[in-house]
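Coordinates in review
Letter by letter, the chains look like this.
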Amino acid sequence: MNYQFKWSVLWSGQSGSWLLQGVITTLEISALAWVLAAALGIVSGALRTVPFRPLRAVGTFYVEFFRNVPLLVWMFFWYFGVPPLLPRAAQDWIFNHGAEFWAGMFALGVYHGARMSEVIRAGILAIPRTQFEAAVAMGLTTFQAYRLVIVPIALRLIVPPATNESLNLLKNSSVALTISVAELTFQTRQIETYTAKAVEALTAGTLIYLILCVGIAAVMARVERRFAIPGLIARGG
Amino acid sequence: MLDFGVISANFKFLIVQGLFGLGGFAGGTLRLAIPAIVLGFVLGIFIGLARLTPSRLISVLATLYVEFFRGVPLVMVIFWIWFIIPQILRLPIPEYGVALTAFVVFEAAYFGEIVRAGIQSVPRGQVEAATAVGLTRAQTMRFVVLPQAIRNMVPALVTQMIVLFKDTSLASIIGYVDLTKAAQIVNNREIKPFELYLFIAVVYFIFTYSMSRFARRFERRLTPA
Amino acid sequence: MKRLLGVVVALALALAPIAPVGAEQDTLAKIKETGVLTIGTRTGSPPFAYVNKNNEWVGFSIDLVEMLVKPEVAKAVGKAIKIEKKESTPPTRIPLLTNNSVDLIAETMTDTAQRRESVDFSLTFFYTGAQFLVKKGSPVKGVNDIAGKRIASQQGSTNAKIIREKYPQAQLREFPDQPAAFQALAQGQVDAYTNDGIQLAGLKAKAPNPGDWEVVGDFYSEEPYGMAMRKGDAKFKAAVDAGLKHGFESGKYFEIYEKWFGPKGDVPYPMTPQVKTYLLKQIGK
């Protein structure tokens, strides 16, 4: 079997517009899921620190259960498993408004929210208690201590692992192809089935992911350097 | 409305075929996950060490390897391996081989990073001291650096192993009959998605959660008081 | 930026080894060596290829290979052979063939002119056309009612292509496999599922409540099923065709048809005289 390369399949026909649509869908689903993940991460992170046991248990259960089960299973669960349990009117509404996109977004956001929660918790735990005590000793109120000392440090501690986690989210959005979300990997496969040129299609998809991931990582690295507190957090060069 | 009878009726297929891989189909989550974890970690050690060698060429190649695989989705890597390997070998490759290769190659990049960070976490003075006592470089690695590095790595390593364990569900995309695919096959016939997917979610959870509990206990034992 | 460039170079290097690929592959020689004929088939397309209640992989297409093609291929290689099954789906089947993962696609693949550019097809072994599966009483009665409706299809299937190109007013949803599409229909995510009529009849027959479903509409396409092989392997194609031809001549094919589509079969679907004539015309009868 000879493999005949034919790179022109990538810019002839509909391939170009498919890839573009794929990138847009990937970015849309990732951005929405990211917002959900960040919100859930912060809420569950906070829940796990409140001095009320049942609430802490809820937070812990959410984090442990959702991050310990494969994303693919969650995709199927949210898309196939949950809608039939909703009231008829809600089902109709969802099915008329791109159910696969919302189920995929939900699966991605809820799954990564649990992982984000761990990142946030680790960041907060990493700040020595003495920082807070020192701030209060200098006459800051609790609110000021949080606003001026704890949050700025915590953010800087959290940003690098959170960036990593966000990129994982972006890459994991590819799993949504299993529930027919027409994201980038789906479109790559689409080109492959229509042109029977797998290597070319896969190369295009791979390069786009690389550019997105490496690009975002580069921007975030610059942000980190720009806001680094000298002497506080050693950045490996 | 919920009917968990579908679980008991197909329990044997889901667990014996899906989880353990014994039966008429090529499959099994554990049969894939365990070798993938071991081999991925072994390759990861080499890649981690390669990034730290004085040879610039080797360390650049290892860096590229890591950056590449961390920049693309696993699903994409699976499709690549699935397509390319039989093309090169010109033989039908069982899904098992395809999936195992994809996971080892992909996860090794992540394991490699963990190994590198672990080794770099060992203070430089330790190496200098070891050299001063007359240990060779290999001995220094073996007796001084690695034991400490591994201790530092354990939490990240276990997290990654859990990730890999969960990732094996993606092998179902290429038709490997693992736990996820087994549930899918049963669901195709019975249409009981809520019950089936919740059930396998719990099965996955039992494994991954016990892995993380084990790691936490292990960590506590290793941490000097 | 430099890093990115490096990554691109690495990718190019990684691709290099597949560029020089050798000569034409002889499938029969490979089967002789390994003793295995690997087929790509479906897990959820009753009654052609699916996993039954006992979780066994069975179906009409699989029987055709086991009972008609296998003996002929065994004869051609001069030794007993085994059939190994792999899952194939519309988006994966052509790549599976061209990259040597499987030797023969035996499921529900339509023989089309476009696909003939990438693969070869055996004699036609089934003839059907695209219709719609809907919940009983649905307003969708055929291809003219689908504007604005959510229509499920399989990614990479002939039907998906036709709907996409000729009926852009329909909201097309493409699923990687038939079961996912059917499930979307069963749960109301979509209004109708379009596929070849016989497959829809199969789904209906195997559904938990067959009475809830209806297959509607005239055929809006022609779908002759063939088994697909790598392009240009004449000897292998001759063996596969000989197996099917022998089946038509000896009547064995019609026995297998009765088993699956006869009155007592999984999906009762009597063969029309036109289809019978069409099938037999291929062997000059």
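Provided above is the structure to which this section pertains.
In this report, the structure presented in the accompanying data block is examined.

Cut-offs used in this document
Residues numbered from 1 in each chain as written. Chains lettered and ligands numbered in written order. Predicted model: local features only at pLDDT ≥ 70, side-chain atom pairs only at ≥ 80, totals over all residues. Pairing = 2+ DSSP bridges. Helix = DSSP H or I, 4+ residues; strand = E, 2+ residues; numbered from the N terminus. Axes fitted to C-alpha atoms, helices over the stretch in contact; angles between N-to-C directions. Contact = placed C-beta atoms within 7 Å. Nonpolar A, V, L, I, M, F, W, Y, C, P; charged D, E, K, R; others polar. Buried ≥ 20, exposed ≤ 12 C-beta atoms within 10 Å, placed from the backbone. Expected span 1.5 Å × (residues − 1). Core = buried A, V, L, I, M, F, W, Y, C linked by C-beta atoms within 7 Å. Domains from an automatic or database assignment.

Topic: the sheet that holds strand E12 (residues 192-196) of chain C
All names here are of chain C.
- A sheet is described by the order of its strands in space; here 5 strands give the open sequence E11-E10-E12-E9-E13, paired in mixed fashion. Every interior strand has two partners, whereas the edge strands, strand E11 (171-175) and strand E13 (213-216), have only one. Strand after strand, the sheet turns through a mean of 30° between neighbouring axes, direction not considered.
- Bridge count for strand E10 (residues 150-154) against E12 is 2 bridges, and the pairing is parallel. Looking across to E12, one finds that Ile151 is bridged to Ala192.
- Most of the contacts of helix H6 (residues 178-186) go to E10, to which it runs at about 165°, and overall it touches strand E9 (130-135), E10, E11 and E12.

Regarding the environment of Met109 of chain C
Residues and elements named next belong to chain C.
- Mapped onto the fold, Met109 is located in the loop between strand E6 (104-105) and strand E7 (119-121).
- Separated by 52 residues in the primary sequence, Met109 and Lys161 have C-alpha atoms spaced 14 Å apart.
- Other than its neighbours up to four places away in sequence, Met109 contacts Arg93, Tyr225, Gly226 and Ala228.

A word on the interface of chain A and chain B
- In this assembly, 28 residues from chain A lie in contact with 26 residues from chain B.
- Looking at the side of chain A that touches chain B, the elements with two or more residues in it are helix H2 (53-67), helix H3 (71-81), helix H7 (142-172) and helix H9 (198-227) of chain A.
- Of the residues forming the side of chain A that touches chain B, the biggest block, 8 residues, is contributed by H9 of chain A.
- In the side of chain A that touches chain B, the residues fall into 18 nonpolar, 8 polar and 2 charged.

Some thoughts on the interface of chain B and chain C
- Every contact between the two is made by 23 residues of chain B and, on the other side, 27 residues of chain C.
- Looking at the side of chain B that touches chain C, the elements with two or more residues in it are helix H4 (56-70), helix H5 (74-89) and helix H9 (179-190) of chain B.
- Take the side of chain B that touches chain C: its biggest share by element is 5 residues, from H5 of chain B.
- Its residues assigned to classes, the side of chain B that touches chain C shows 13 nonpolar, 5 polar and 5 charged.

Examining unusual backbone geometry
- Between Pro46 of chain C and the following residue, Pro47 of chain C, the backbone shows a cis peptide bond with an omega angle of 0°.
- Examined against the element boundaries, Pro47 of chain C turns out to sit in the loop between strand E2 (44-45) and strand E3 (49-51).
- A positive phi angle, close to 70°, is found at Ser180 of chain A, a residue other than glycine.
- For Ser180 of chain A, the position within the fold is in the loop between H7 and helix H8 (184-195).
- Since 27 C-beta atoms lie within 10 Å of it, Ser180 of chain A is described here as buried.
- The backbone of Asn55 of chain C sits at a positive phi, close to 60°, despite the residue not being glycine.
- Mapped onto the fold, Asn55 of chain C is located in the loop between E3 and strand E4 (57-58).
- Classification of Asn55 of chain C as partly exposed rests on a count of 19 C-beta atoms within 10 Å.

Here's the deal with the sheet that holds E4 of chain C
Residue and element names in this part refer to chain C.
- Within the open sheet, the 3 strands sit side by side as E2-E3-E4. Their pairing is antiparallel. The two strands at the open ends of the sheet, each matched to only one other strand, are E2 and E4.
- Bridge count between E2 and E3: 2 bridges; the pairing is antiparallel. Paired with Gly44 across the strands is Tyr50, a residue of E3.

Here we look at H5 of chain B
Residues and elements named next belong to chain B.
- With 16 residues, H5 should cover 22 Å at 1.5 Å per step; its first-to-last C-alpha distance of 22 Å lies within 8% of that length.
- Most of H5 is tucked away, with 13 of its 16 residues classed as buried.
- Remark: Arg90 follows H5 within two positions and exhibits a positive phi of approximately 55°.

Some points on the nonpolar core
- The biggest cluster of nonpolar side chains holds 196 residues, and the ones touching the most others in it are Val73, Trp74 and Met75 of chain A, Ile78 of chain B together with Leu104, Leu185 and Ala192 of chain C.
- No other element matches the 14 residues that helix H6 (residues 95-120) of chain B contributes to this core.
- Per-domain counts for this core show at least three residues from each of domain 1 (26-127 + 225-281) and domain 2 (130-221) of chain C.
- Sequence-distant contacts of Leu104 of chain C, defined by excluding residues within four places in its chain, comprise Leu37, Ile39, Val65, Met227, Met229 and Val240 of chain C.

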